[in-house]
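# Commentary on secondary and tertiary structure
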Amino acid sequence: MLCVAAAMGCATPQYALRPAPQPVETPDVLQIERAISAQQAADFARQGARPLREGEILWGFEPQAVLERLARVTERPGLPYQAYLYQGKDPNAASLADGRVYVSTGMLAYLAGRSRGPDELASVLAHELAHTTAQHLVKRYQTLQQQQVLLSLVNAGISAATRSAGATAQGVGQLALNAAALLRDVANSGYSQDQELEADQLGLRYLLRAGYDPRAALTLLEDFARFETPWPFLRTHPYSAQRRAYLEQYLRETGASAGSGAQERIAQLRRIQQSYPPGSVSWQNLQRQIEALEN
Ligand SMILES: [Zn+2]
């Protein structure tokens, strides 16, 4: 992957406790999300992608139910979350900015072969959801756009100084033409390492909140280390060992490591919470208890 700026994290990012995402849903941001998603959805449609029905079971998994259970505990519970299946022998998954999440047939077959129940599928989907809630594609778009504006102004400035003032207007016209190319670049580019690590950590939180076993993310990463191009670093670098170390550190620091009383209590409270409508008084009371345990 092309490393576009030092700020995007060319060097291996250090471990950090990430703040909860604060989604921006202004009309212009939603418009960028829709435009990027339309491009990516068209690519998946060409690979035979189709939406999964509520209750549809594939390889023993119910992807739409797992996705919805996780989506409810994210910072963007209101998006129309929809799981899609596409044909691909590599175990892979991807999320769009607008709530669509794609899983390859290869991923479901691979997870089914491991026979570890829904927790590992949940860990894949939780990681993907985190890219959506943290708005990683929008941030990539905005970064690329800023660079393009700067570059264009510099070019226009040089032209204006050496030739004519009309060059500035030409430069601005070029910007509009580049918007489509920019969307294509964002749709085709992977995430930065820093964004992947952030998605890992947010994904763990969603697993804990939804009552799934967070250790599933670790066992899965361990196994992915044997693949040459492991999900989700297909277009970046196989830093599986480092990602695993960071996740273990997070679980240690937050007291959510396997077997701890707090983790079991949180999972129990989450299960109870699911019998109440999200946002109801009982749901909120349980939420407060859960957050106290998580902190
Ligand atoms: Zn990812």
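Just so we're clear, the structure is a prediction, and the values are computed from it rather than from any experiment.

One way to put it is that helix 3 (residues 105-114) packs onto helix 8 (residues 215-224) with a least axis distance of 13 Å and a crossing angle of 110 degrees. Our classification of the angle between helix 3 and helix 8 gives roughly perpendicular. Contacts from Met 107, Tyr 110, Leu 111 and Arg 114 of helix 3 reach helix 8 at Thr 219, Leu 220, Asp 223 and Phe 224. Here the contact of helix 3 with helix 8 is composed, by residue class, of five nonpolar, one polar and two charged.

So, on to unusual backbone geometry. The backbone phi angle of Trp 59 is positive, close to 50 degrees, even though this residue is not glycine. Among the structural elements, Trp 59 can be located in the loop between strand 1 (50-51) and helix 2 (63-71). The phi torsion at Ser 115 lies on the positive side, around 50 degrees, for a residue other than glycine. Within the secondary structure layout, Ser 115 lies in the loop between helix 3 and helix 4 (118-133).

Our focus in this paragraph is the confidence of the model for the protein. In low-pLDDT regions, the fine details of the predicted coordinates are not to be read closely. Considering every residue of the protein, the mean pLDDT works out to 83; 83% of them sit at 70 or more. Looking over the protein, one finds the lowest element-wise mean pLDDT in helix 6 (residues 166-188), namely 67, and the highest in strand 1, namely 98. The model gives residues 1-9 a pLDDT under 50, and that stretch makes 15 contacts with residues more than four places away or in other chains. In this model, residues 234-238 is a region of pLDDT below 50 whose contacts with residues beyond four sequence positions or in other chains number 13 contacts.

About the thresholds
Residues numbered from 1 in each chain as written. Predicted model: local features only at pLDDT ≥ 70, side-chain atom pairs only at ≥ 80, totals over all residues. Heavy atoms only, no water. Axes fitted to C-alpha atoms, helices over the stretch in contact; angles between N-to-C directions. Helix = DSSP H or I, 4+ residues; strand = E, 2+ residues; numbered from the N terminus. Parallel < 35°, antiparallel > 145°, perpendicular 65-115°, else oblique. Contact = heavy atoms within 4.5 Å. Nonpolar A, V, L, I, M, F, W, Y, C, P; charged D, E, K, R; others polar. pLDDT = per-residue confidence, 0-100.

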